[in-house]
Amino acid sequence: MIEHYAKYDNPPYPPAWKTLEVSSFGTLSKLYCNLADNNIKKQIARELGLPQHLYLESWIKSLSVLRNCIAHHARIWNRKYPWKPQLPKKLQNPWIQDKGISQEKLYAQLCCIAYLLDAICPNNGFKRNLKSLLTEYPIVDVVAMGFPKLWYNEPLWK
């Protein structure tokens, strides 16, 4: 922000995009969830391939908790998370078919991350990198993270 004020004095406040670039994920989460206009929330959710804003709200809240766990070096692999992402049965983009997954485990959040990243940047390497990491370390207990058997065959992960 200091750079902005060094170059510009009009308008008196920096543009929203500059402000949002330095906002924390928690702040962005609260900003979205506290929007008063549900039509704006719905529009944002639809741009990410979600049918309604309540899914995105639950995803953002749960990912904010996950982010904080990671940032503070907490255990993430076999814990139960307090915020559970709502998992729709069907979405417009490739999604999971297994309806028996635990929403309070890491796998559910990884599914949300993969889905959102695919909507934002279709050629991202998240899924490839996750599969590679789990292949490289077969001793990792994916069941404790909530992964179902044959998870990699789900449409989302292909």
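Residues numbered from 1 in each chain as written. Predicted model: local features only at pLDDT ≥ 70, side-chain atom pairs only at ≥ 80, totals over all residues. Heavy atoms only, no water.

Moving on: the nonpolar core. Grouped burial of nonpolar side chains is what soluble globular proteins tend to show. Core analysis: the largest hydrophobic core is formed by 33 residues, its most contacted members being Leu50, Trp59 and Trp157. Looking at this core, the elements that each hand over two or more residues are α3 (25-33), α5 (53-71), α6 (106-120) and α7 (126-136). Among the elements that make up this core, the one with the highest residue count is α6 (nine residues). Apart from residues no more than four positions distant in its own chain, leucine 50 is found in contact with Ala45, Tyr55, Leu56, Trp59, Leu91, Tyr115 and Leu116. (Core = buried A, V, L, I, M, F, W, Y, C linked by side-chain atoms within 4.5 Å. Buried < 20%, exposed > 50% of the residue type's maximum accessible area, 1.4 Å probe, protein only. Helix = DSSP H or I, 4+ residues; strand = E, 2+ residues; numbered from the N terminus. Contact = heavy atoms within 4.5 Å.)

With that settled, consider a nonpolar patch on the surface. Nonpolar side chains collect at one region of the surface, where Leu20, Phe25, Leu28 and Leu31 lie side by side and expose about 310 Å² of accessible area between them. For the nonpolar patch, the element with the most residues is α3, which contributes three residues. For leucine 31, the position within the fold is in helix α3. (Patch = residues over 30% accessible without salt bridge, like charges linked within 9 Å, V, L, I, M, F, W, Y side chains within 5 Å. Areas by Shrake-Rupley, 256 points an atom, 1.4 Å probe, with all protein chains shown as cover. Salt bridge = Lys/Arg side-chain N within 4 Å of Asp/Glu carboxyl O.)

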